[in-house]
Amino acid sequence: MTDSDDPGAVARRYVEAIGAQDWRTVADCWRPGARDVFIGVADLRAPGEIVAFFRDVHTAVPDLTVDILSVTAQDERAVVHWRMRGRFDGAATLIGLAPNGRQLDLLGTDVFVVREGLIESNTAIVNGLELARQLAVLPPQHSIAERVLFGLVNAIAPLGKAIRARNPSGR
């Protein structure tokens with residue numbers, strides 16, 4: 001197996017290319033039509049949708065940095081643990097939200113399947129709750145605002161439970 005076929009090397013090259021905004025390398029790492037699933041965020045087809053997604057991320061977070069914390073590979077799988085940082089003050093939305101100047105500092109993990117030097121699939125896992133907090137969709141953890149929000153949700157929980165009990169189909 002050459003370095004260009006090694007799953008760990010391919011995954012590393014891809015993640016580094018995202019940080020460098022090297023869109024040709026990003027596209028070239030993928031088998032056309034392969035799926036890149038960001039749990040709870042996006043389900044993309046290679047290479048066009050993936051390149052467009054990350055171009056938009058860089059437009060929304062112009063100073064985005066991508067650091068690889070570790071790469072682990074075995075057989076045709078590679079796992080990349082990464083950290084992305086930057087200020088959400090660009091010219092594009094991020095997951096449908098307008099730029100608000102908030103600082104982002106996200107940890108994530110990508111699980112790649114690589115065959116013959118090309119990514120066949122990827123499952124990207126990011127803490128959606130932490131992302132929502134950093135984007136100011138949810139209040140900070142352990143804050144008064146969080147306690148109030150959770151109190152409201154807990155106050156109406158019995159009503160939802162009673163409605164579902166009366167309608168066994170769950171609709």
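What counts, and at which threshold
- Residues numbered from 1 in each chain as written.
- Predicted model: local features only at pLDDT ≥ 70, side-chain atom pairs only at ≥ 80, totals over all residues.
- Heavy atoms only, no water.
- Helix = DSSP H or I, 4+ residues; strand = E, 2+ residues; numbered from the N terminus.
- Buried < 20%, exposed > 50% of the residue type's maximum accessible area, 1.4 Å probe, protein only.
- Contact = heavy atoms within 4.5 Å.
- Lys, Arg positive; Asp, Glu negative; His and termini not counted.
- Charge placed at Lys NZ, Arg CZ, Asp CG, Glu CD.
- Core = buried A, V, L, I, M, F, W, Y, C linked by side-chain atoms within 4.5 Å.
- Expected span 1.5 Å × (residues − 1).
- Pairing = 2+ DSSP bridges.
- Axes fitted to C-alpha atoms, helices over the stretch in contact; angles between N-to-C directions.
- Parallel < 35°, antiparallel > 145°, perpendicular 65-115°, else oblique.
- Nonpolar A, V, L, I, M, F, W, Y, C, P; charged D, E, K, R; others polar.
- Bend = angle between axes of the 7 residues up to and from the residue.
- Phe/Tyr/Trp six-rings, centres within 6.5 Å; stacked < 30°, edge-to-face > 60°.

Draft legend 1. Representation of the overall build of the chain. Counting secondary structure elements, the chain contains 5 helices and 6 strands. Helices and strands appear in the chain in the N-to-C order α-α-β-β-α-β-β-β-β-α-α. Split into buried and exposed, the 171 residues of the chain put 33% on the buried side. The long-range fraction of contacts in the chain, counting pairs at least 24 apart against all pairs at least 6 apart in sequence, stands at 52%. Looking at the chain, you have 19 positive and 21 negative side-chain charges, and the mean spots of the two groups are 12 Å apart.

Draft legend 2. Representation of the nonpolar core in the model. Counting residues in each nonpolar core, the largest one holds 40 residues, and the members touching the most others are Tyr14, Phe54 and Phe112. Elements supplying a minimum of two residues to this core: helix 1 (7–20), helix 2 (23–28), strand 1 (30–38), strand 2 (42–45), helix 3 (48–60), strand 4 (77–88), strand 5 (102–115) and strand 6 (118–126). Setting aside its immediate chain neighbours within four residues, Phe112 contacts Ala11, Tyr14, Val15, Glu76, Arg77, Ala78, Val80, Ile119, Ser121 and Asn122.

Draft legend 3. Representation of unusual backbone geometry in the model. The omega torsion of the bond from Ala46 to Pro47 falls at -10°, within 30 degrees of zero and hence cis. Tracing the backbone through its elements, the reader meets Pro47 in the loop between strand 2 and helix 3. Within the chain, Glu116 stands out as a residue other than glycine whose phi angle is a positive 55°. Its place among the elements puts Glu116 in the loop between strand 5 and strand 6.

Draft legend 4. Expanded view of helix 3. For helix 3, spanning 13 residues, the distance from its first C-alpha to its last is 18 Å, which sits close to the expected 18 Å at 1.5 Å a residue. By the burial criterion, the buried members of helix 3 are Ile50, Val51, Phe53, Phe54, Val57, His58 and Ala60. In this structure, the buried residues of helix 3 make contact with helix 1, helix 2, strand 1, strand 2 and strand 4.

Draft legend 5. Highlighting the sheet that holds strand 1. Pairing in this open sheet of 6 strands is mixed, and the strands run 2-1-6-5-4-3 from one edge to the other. Each having just a single partner strand, strand 2 and strand 3 (65–74) make up the two edges of the open sheet. When strand polarity is set aside, the average angle formed by the axes of neighbouring strands in this sheet is 15°. As judged from the 4 bridges shared by strand 1 and strand 2, these two strands associate in the antiparallel manner. Paired with Phe38 across the strands is Ala42, a residue of strand 2. On top of the sheet, helix 3 reaches strand 1, strand 2 and strand 4; it is set at about 130° to strand 2, its chief contact.

Draft legend 6. Quick peek at the packing of helix 1 against helix 3. Across the interface, helix 1 lies against helix 3 with an axial gap of 10 Å and an inter-helix angle of 45°. The angle between helix 1 and helix 3 places the two elements in the oblique class. The residues of helix 3 that touch helix 1, namely those facing Tyr14, Ile18 and Gly19, are Ile50, Phe54 and His58. When the residues that make up the contact of helix 1 with helix 3 are grouped by side-chain class, the tally is 4 nonpolar, 2 polar and no charged.

Draft legend 7. Main features of helix 5 (residues 144–166). The end-to-end C-alpha distance of helix 5, which contains 23 residues, comes to 34 Å, matching closely the 33 Å that a straight helix rising 1.5 Å per residue would cover. The sharpest bend along helix 5 comes to roughly 35°, located at Ala157, with the proline Pro158 sitting one to four residues further on. Along helix 5, only 1 of the 23 residues are buried, which leaves the element largely exposed.

Draft legend 8. Region of interest: the packing of aromatic side chains. In this structure the tally under the stated criterion is 5 aromatic pairs. Taking the centre distance of 5.1 Å and the plane angle of 90° together, the rings of Phe53 and Phe54 count as edge-to-face.

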